[in-house]
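Now for the letters of each chain:
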Amino acid sequence: MSRLDALRGPSPPVDHNARSIAALAANPACHRRAVLDAAGIDKGKVVQHLGHPMQFGQSPFALIRSRQFKAIVKESGGAHLLRLLRELLGLAVEEAGYRDVEDVDEHAGRALLRKHTEQLLRSAAENRGDAATIVDHPLLKLNVAGYDVYLEPDVIAFQAQGKFHVVVIKTFAIIDDQAETAKVSAAAREAAVYVHALRVLFEQLRLDPQRVSHDIVLVCPENFRNFPTARLVDVRHQLEVLRRQLERLARIDTILDTLPPDLSLDLMMDGDTPTRSAAELGAAVSGIPARYAPECLSVCELAYFCRAEAKACGSLEALGRAVRDDLGGIESVSTVVNLATGAAVPSDDQVAVTERLRYARRIHGEVVA
Amino acid sequence: MDGLEERMLTLRREIRVASAAGDHARVRSLRAELRQVERTWEEAINPPPAPPAPVREHVHQALTLLGVPAAAKTIVAVDESFFSGTITNAKLTSLRRDEERSFRSSPNSRPYYLCAALSAERLSPVRGVLAVSTWPLHRRIIGPLSPRTDLLTSTIRIAEHLQRLTRAGESPLGGFRLLTAMAQNIPGAVADFGPADPDRVITAARAELAVHEEKDQQHRKAVAERAASQLAEVNQLFGAGLRTASTA
Ligand code: SF4
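- An unreviewed UniProt entry annotates chain A as Secreted protein originating from Nonomuraea rubra.

Here it is in structure tokens:
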């Protein structure tokens with residue numbers, strides 16, 4: 001049993017997906033998340049048991065809608081996609097071959113599906129006459145922080161004139177050519193993970209990774225109808241950020257070495273009920289260093305737990321990066337308050353910050369007086 | 001109809017006469033006859049609905065119109081647009097398995113079976129896609145280009161059917177809607193607004209079909225030969241056996 005399996009206990013591991021990798025990269029310095037993700041721990045169950053249930057995730061309604069829209073985009077051998085790609089990429093009429101990786105076997109394991117994905121992509125890349133233009137349900141593997149994760153994009157890797165494009169299907173609407181920027185960038189971050197994984201695979205197959213385009217195809221419903229429309233989105237920036245952050249992620253082994261050898265995050269499930277005491281589990285989670293920032297609220301299931309913890313110990317991090325950087329060198333909220341009120345004497349490197357704090361306090365006092 | 005109504009009038013008159021004469025036995029028998037005539041009259045006016053054809057016949061009808069293997073959703077849409085629209089997705093789910101069970105228990109006892117399309121690669125059933133057993137095997141093989149050629153072929157057939165209906169003086173709105181939806185992904189098949197024009201759709205679909213057809217046919221036929229030599233009859237119909245009715 002590996003160290004990670006021991007940490008998790010007998011529960012089955014939770015899979016990574018592009019979203020969770022994008023989130024992992026969003027807070028690369030956080031060891032807690034890195035360890036829990038690498039061990040495949042169900043963070044949702046953990047925080048629920050700890051009394052800080054997560055407040056995000058997709059509603060069942062959104063999931064159904066998303067499934068339906070994907071089915072529309074993919075029906076009849078990706079007929080909508082072909083139309084969109086002919087418009088968007090000038091795809092030749094000859095290029096219309098559709099292959100579904102899952103055709104290999106309804107009950108194939110992931111290893112087999114991944115191998116089949118590789119075969120399809122390789123043969124599509126090596127002989128252009130091969131009819132596989134659209135590859136549906138590809139399964140990719142990516143090494144994240146020393147740990148292999150499978151990516152099951154329900155995207156389609158699409159080959160147009162020798163270049164491969166990642167397709168991402170989302171259900172937010174494009175209205176009069178406009179979509180919500182935040183949603184487009186979230187989709188771009190997710191797609192970047194797939195592009196990255198595809199390029200890694202191409203390298204392993206000794207194919208030119210540059211044949212995987214940095215332009216991804218974002219397919220969305222048009223004007224609230226279920227009619228698909230598509231845009232190219234350049235994810236070079238997201239790719240660069242992702243690559244840097246994946247590199248910076250400490251290798252999971254080195255983090256594990258710093259943890260107590262008998263640490264366990266096992267919920268001790270009895271059927272659907274965790275039997276481990278919340279206090280004990282909380283202490284175990286707290287034993288892994290975290291790096292809470294307000295951004296966590298939108299990307300990490302543990303956010304409410306970590307926020308409560310950060311507040312309880314008066315950490316400045318809880319107030320966000322801007323505040324932390326402004327008050328560079330000071331660790332806790334209480335130190336800040338003491339310096340501002342004059343209850344503490346600043347050390348040499350705190351003098352400048354202290355002056356600013358006292359100035360701000362004076363202005364604030366005048367304004368509210 | 002007129003005869004019936006006259007008979008009813010006569011009967012009522014005779015009943016009045018008989019009852020005035022106090023001939024109760026005759027009144028009873030005349031009443032019974034009147035009820036019988038009235039029932040016949042009502043049925044002539046509102047014929048009782050013909051018992052609905054079973055689901056498998058509807059599916060067969062839809063597939064025959066399409067001429068190619070089709071997904072449940074398409075079959076339901078065709079049935080809605082041209083026939084009675086009694087098929088639901090739920091009814092289709094168990095259908096293929098029932099057909100396989102029936103074939104296994106007494107092979108070839110039905111004139112046709114609703115069976116599977118087979119993936120060219122594995123000869124395994126393509127999920128959710130139905131076909132007709134009387135079609136030549138290669139038509140039921142799905143290679144990389146087949147989803148496209150099948151879409152083009154079935155669109156042409158729907159358009160041709162609409163031409164026939166139009167000539168016969170019918171103009172099924174649902175049918176035109178279906179054609180428009182199918183044609184919207186074929187280059188040059190629809191103008192920007194309004195329902196699709198069958199002539200134009202056929203021209204556009206044939207043009208694209210010409211590009212893919214030969215390659216697709218060759219591939220399908222080669223695979224079909226392999227399937228015919230390798231597979232038992234039941235597997236030629238329902239797919240090479242990962243999950244079969246007996247184990248499912
Ligand atoms: S919420 Fe906690 S565990 Fe998650 S990234 Fe933030 S600090 Fe790390």
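Continuing now.
Here we look at the overall build of chain A
At step 1: From N to C terminus, chain A includes 15 helices and 10 strands.
At step 2: For chain A, the spread of C-alpha atoms along the three principal axes comes to 75 × 50 × 40 Å.
At step 3: Residues counted as buried form 48% of the 369 residues belonging to chain A.
At step 4: Partitioning the contacts of chain A with sequence separation of at least 6, the portion at a separation of at least 24 is 64%.
At step 5: Split by element, the accessible area of chain A, about 18000 Å² in all, is 52% carbon and sulfur.
At step 6: Of the charged side chains in chain A, 44 are positive and 49 negative; the average position of the first set lies 2 Å away from that of the second.

Some thoughts on the sheet that holds strand 8 (residues 228-234) of chain A
Residues and elements named next belong to chain A.
At step 1: Here 6 strands make up an open sheet; going across it, the order is 1-2-5-6-7-8 and the pairing mixed. Lying at the two open borders of the sheet, with one neighbouring strand each, are strand 1 (98-100) and strand 8. Averaged over all pairs of adjacent strands, the angle between their axes in this sheet comes to 25 degrees, without regard to strand direction.
At step 2: Looking at chain direction, strand 6 (residues 163-169) and strand 7 (residues 215-221) are connected through 3 bridges and run parallel.

A word on the domain arrangement of chain A
At step 1: You can read the domains of chain A as domain 1 (60-243) and domain 2 (314-368).
At step 2: For domain 1 of chain A versus domain 2 of chain A, the separation of C-alpha centres amounts to 48 Å.

Structural notes on the confidence of the model for chain A
At step 1: Within chain A, residue pLDDT values average 85, and 94% of them lie at 70 or more.
At step 2: For chain A, the element scoring lowest by mean pLDDT is helix 13 (residues 321-326) of chain A, at 74; strand 7 of chain A scores highest, at 95.

Digging into the nonpolar core
At step 1: I21 and I216 of chain A are the most contacted members of the largest nonpolar core, which has 48 residues in total.
At step 2: If you list the elements that add at least two residues to this core, you get helix 2 (18-26), helix 6 (110-126), strand 3 (140-144), strand 4 (147-151), strand 6, helix 7 (181-204), strand 7 and helix 8 (236-248) of chain A.
At step 3: Per-element accounting of this core gives the leading share, 11 residues, to helix 7 of chain A.
At step 4: The next biggest cluster of nonpolar side chains, apart from the first, holds 45 residues, and it includes L63, A70, C115 and L178 of chain B.

Quick look at unusual backbone geometry
Residues and elements named next belong to chain A.
At step 1: Non-glycine residue Q161 carries a positive phi angle of around 45 degrees.
At step 2: One can find Q161 in the loop between strand 5 (156-160) and strand 6.
At step 3: Here the phi dihedral of D177 falls at roughly 75 degrees; this positive angle occurs in a residue that is not glycine.

Notes on the packing of helix 1 (residues 2-20) of chain B against helix 2 (residues 24-45) of chain B
Residue and element names in this part refer to chain B.
At step 1: Their axes nearest at 9 Å, the elements helix 1 and helix 2 cross at an angle of 160 degrees. Of the possible angle classes, the one that applies to helix 1 and helix 2 is roughly antiparallel. Two packed elements cross with a definite hand, and for helix 1 against helix 2 that hand is left-handed. Where helix 1 abuts helix 2, its residues L4, E5, R7, M8, L11, R12, E14, I15, A18 and S19 lie against R26, V27, L30, R31, E33, L34, V37, E38, T40 and W41.
At step 2: Of the residues assigned to the contact of helix 1 with helix 2, the class counts are 10 nonpolar, 2 polar and 8 charged.

A short note on the environment of A224 of chain B
At step 1: Examined against the element boundaries, A224 of chain B turns out to sit in helix 8 (residues 198-230).
At step 2: As for A224 of chain B and I141 of chain B, which are separated by 83 residues in sequence, their C-alpha atoms are 6.8 Å apart.

Focus: the environment of K70 of chain A
Residues and elements named next belong to chain A.
At step 1: When you line up the elements, K70 lands in helix 5 (residues 60-89).
At step 2: For K70, a relative accessible area of 15% puts it in the buried group.
At step 3: Beyond its immediate stretch of four places on either side in the chain, K70 contacts D154 and I169.

Some details on the site of the ligand
All names here are of chain A.
At step 1: N27, C30, R32, R33, A290, R291, Y292, C296, C300, L302, A303 and C306 make up every residue found near the ligand.
At step 2: Counting only elements with at least two residues in the shell around the ligand, the list comes to helix 3 (31-38) and helix 12 (303-312).
At step 3: Classifying every residue of the shell around the ligand gives 8 nonpolar, 1 polar and 3 charged.

Some words on the pairing of strand 3 (residues 125-132) of chain B
All names here are of chain B.
At step 1: Examined bridge by bridge, strand 1 (residues 70-71) and strand 3 share 2 bridges and lie antiparallel to one another. Its bridge partner being in strand 3, A71 is matched across the sheet by V129.
At step 2: Two strands pair when backbone bridges link them, and strand 2 (residues 114-119) and strand 3 are joined in this way by 4 bridges, in the antiparallel orientation. In the sheet register, L118 faces strand 3, and the bridge partner there is P125.
At step 3: The antiparallel hairpin formed by strand 2 and strand 3 contains 5 residues in its connecting segment, where L123 sits at a positive phi of about 55 degrees.

What counts, and where the lines are drawn
- Residues numbered from 1 in each chain as written.
- Chains lettered and ligands numbered in written order.
- Predicted model: local features only at pLDDT ≥ 70, side-chain atom pairs only at ≥ 80, totals over all residues.
- Heavy atoms only, no water.
- Helix = DSSP H or I, 4+ residues; strand = E, 2+ residues; numbered from the N terminus.
- Buried < 20%, exposed > 50% of the residue type's maximum accessible area, 1.4 Å probe, protein only.
- Contact = heavy atoms within 4.5 Å.
- Areas by Shrake-Rupley, 256 points an atom, 1.4 Å probe, with all protein chains shown as cover.
- Lys, Arg positive; Asp, Glu negative; His and termini not counted.
- Charge placed at Lys NZ, Arg CZ, Asp CG, Glu CD.
- Pairing = 2+ DSSP bridges.
- Axes fitted to C-alpha atoms, helices over the stretch in contact; angles between N-to-C directions.
- Domains from an automatic or database assignment.
- pLDDT = per-residue confidence, 0-100.
- Core = buried A, V, L, I, M, F, W, Y, C linked by side-chain atoms within 4.5 Å.
- Parallel < 35°, antiparallel > 145°, perpendicular 65-115°, else oblique.
- Left-handed = near helix turned anticlockwise from the far one by under 90°.
- Nonpolar A, V, L, I, M, F, W, Y, C, P; charged D, E, K, R; others polar.
- Near = heavy atom within 4 Å.

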